[in-house]
Each structure stands twice: as structure tokens, then as C-alpha cells.
Amino acid sequence: MSMDLNGQRVVITGITGGIGRASAERLLQAGADVIVSARSQDKLDAALAELSGKASGYVLDLLDMDSIAGFFEKVGKFDHLVTPAATSMFAPIADMDFDAARAIIESKQWGQMMTVHHAIKQMSKTGSITLFSGTVTQKPLPGSSMFAAVGAATEASARVWGLELAPLRVNTIVPGIIETPVWSGLMGAEAGAEALNGFASVLPVGRVGTADDIAKAVVFLIDNGFVDGESLVVDGGHRLI
Ligand SMILES: NC(=O)c1ccc[n+]([C@@H]2O[C@H](COP(=O)([O-])OP(=O)(O)OC[C@H]3O[C@@H](n4cnc5c(N)ncnc54)[C@H](OP(=O)(O)O)[C@@H]3O)[C@@H](O)[C@H]2O)c1
């Protein structure tokens, strides 16, 4: 069944990222009016030019509270919010870079919270919010303690916001190991590719995830008006091993 999101305005944060970009493509295919963000005007212009449909966008930096407020004032009224934008870091507690750790809290946890706070002033009550966590909340992976902590906090907050904002729906996508630029950013190109190959060889489905696997989940959560308060795991069976 093909989804029809004609007439729906959807905001996606972080269009330069793997999951943000793939989600924008899927939503454009479904007929949605897509509004995106990037951290600079140059990045925004380049990303908009690469999309296969027509989208619009504004600059947004999640570490700057005025930027978040200003972004949603410019966006105006809309129906659905999708928040994949976040910084990443990977380190065991013994070698933790605490500035990077704080940046994850500020962009992924605090950033998603502030995004929701400002977004809801503009959102339709019949719309939805799709937040992002990660399977490390359920499947411990050495080095991922900050991801795990911030993801668990996001999932817990999302369930509370689902009640506070009803009938607006609030769900969280819990991605497993997904091939996006985040891996080369975290480890360098070679080590990132090696890590992904290693995961592919042990995952039950025999491969790592694609950004499009997550984008399909984004469209599903927007389209299905009876899914609310859900943490939707999309991980190729990673939790099973
Ligand atoms: N990929 C995975 O394996 C995986 C697994 C579990 C969970 N997730 C989660 O899924 C979400 C999307 O992941 P992804 O793999 O698509 O990440 P990605 O490719 O690294 O993209 C991250 C996006 O966030 C933007 N961003 C970073 N810091 C920002 C800030 N301060 N203000 C505004 N935008 C900012 C980046 O913009 P720039 O281009 O300017 O840096 C980029 O557009 C994240 O929450 C991630 O933690 C991913």
C-alpha cells in the first residue's frame, strides 16, 4: 500500500545526515510538503539541491536555543516533526572526552527536548512527533554509554510527552546499526567500514541497516494514526543475539 501524505507539512531536522536525508526522500515520495534544517546556509542549499523532490528549509543549530526558537517561527504551522539531528561520540568511560559527552546530551537529549518545546507551538494536534534513540539502550555495546543514556532518556520523555500533548502522537525510533556518515565520523572511513562489516556478519538478517530502512519506519509512524507512545526498534534482530 502506498502512503499518501499530500497536504501534510513535515519538518525534519538534520538534512545532511544519513537518516534525515533518506527520510526527506521517502516523505517527498509520499507527497508531503517537507521542511528541513542544516547547520549553515551553504550546507542547506547543497542538501536541498541534492533532494529528488522540492523541499524548503532553514538554518538550525541545536546547541543554540535562539536558533531553535527562530527556526520554528520561520517554519510556521505544520503537522509532523522528525528529529534525527544530533552529534555523536563513542568512548569507554575510562577514556571519556567529557566535552564530547556533554555535546551529545546537549544536541541529542536537550536538543530534541528544546525542539519539541518550540515545535509544538506550531503543530497541528492531529500530527505526530518522531524522536530518535538507539538499540544500545537495550543492547549494551562498549563505548556507547552516552548514546545509551541519552537514548533511554529520550524514550522515557517521549512516553510522557505523548500523554501531555495528546491527541498529538509521540513515538521514538530505536535504530540498530545503520550505515550512515556517522560511522566514518566516529571512527574514520576505514575503521568505520570494518566495524559495519563486522556487524553485518553477525546480525540475524545478514546485513547492517540502511538509512532507508529507518526512513520507511518514519513514514509508517507518521501515517499510522493509532501508533502512539511506541519505541519502534528497527535493528535487523540485533537485540536477539
Ligand atoms: N547510524 C546509526 O547507526 C544510528 C544508530 C542508532 C541511533 N542513531 C541515531 O539516529 C539519528 C540520525 O543518525 P544518522 O546516522 O543519520 O546521523 P548522521 O548521519 O551523523 O547525521 C546527523 C545529523 O545531525 C546534524 N547535527 C549534528 N549536530 C547538530 C547540531 N548541533 N545542530 C543541528 N544539527 C546537528 C548533522 O549536521 P552536520 O552535517 O552539520 O554535522 C547531520 O545532519 C541520531 O539521533 C543517531 O544518534 C543512528
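In what follows, the structure referred to is the one given above.
What counts, and where the lines are drawn
Residues numbered from 1 in each chain as written. Predicted model: local features only at pLDDT ≥ 70, side-chain atom pairs only at ≥ 80, totals over all residues. Heavy atoms only, no water. Near = heavy atom within 4 Å. Polar contact = N/O pair within 3.5 Å; in protein donor to acceptor, adjacent residues only side chain to side chain. Areas by Shrake-Rupley, 256 points an atom, 1.4 Å probe, with all protein chains shown as cover. 1 Å grid on protein atoms, 1.4 Å probe; cavity = no way out; pocket = protein on both sides within 12 Å on 5 of 7 lines; lining within 4 Å. Sits in = over half its atoms within 2 Å of the grid points. Helix = DSSP H or I, 4+ residues; strand = E, 2+ residues; numbered from the N terminus. Nonpolar A, V, L, I, M, F, W, Y, C, P; charged D, E, K, R; others polar.

**Student:** Quick question: what am I supposed to make of the site of the ligand here?
**Tutor:** Around the ligand lies a shell of 28 residues, among which Thr-16, Arg-39, Lys-43, Lys-108 and Thr-180 are the nearest. Backbone polar atom of Ile-19 to an oxygen atom of the ligand: 2.9 Å apart, as the coordinates give it. Asp-61 places a side-chain nitrogen or oxygen 3.1 Å from a nitrogen atom of the ligand. Taken by itself the ligand offers 900 Å² of open surface, and the protein chains cover 90% of this. Taken atom by atom, the bulk of the ligand overlaps the largest pocket. Breaking the shell around the ligand down by element, the ones donating at least two residues are α1 (18-29) and α6 (181-187). Top element by residues in the shell around the ligand is α6. It accounts for 3 residues. Class assignment for the residues of the shell around the ligand results in 15 nonpolar, 9 polar and 4 charged.

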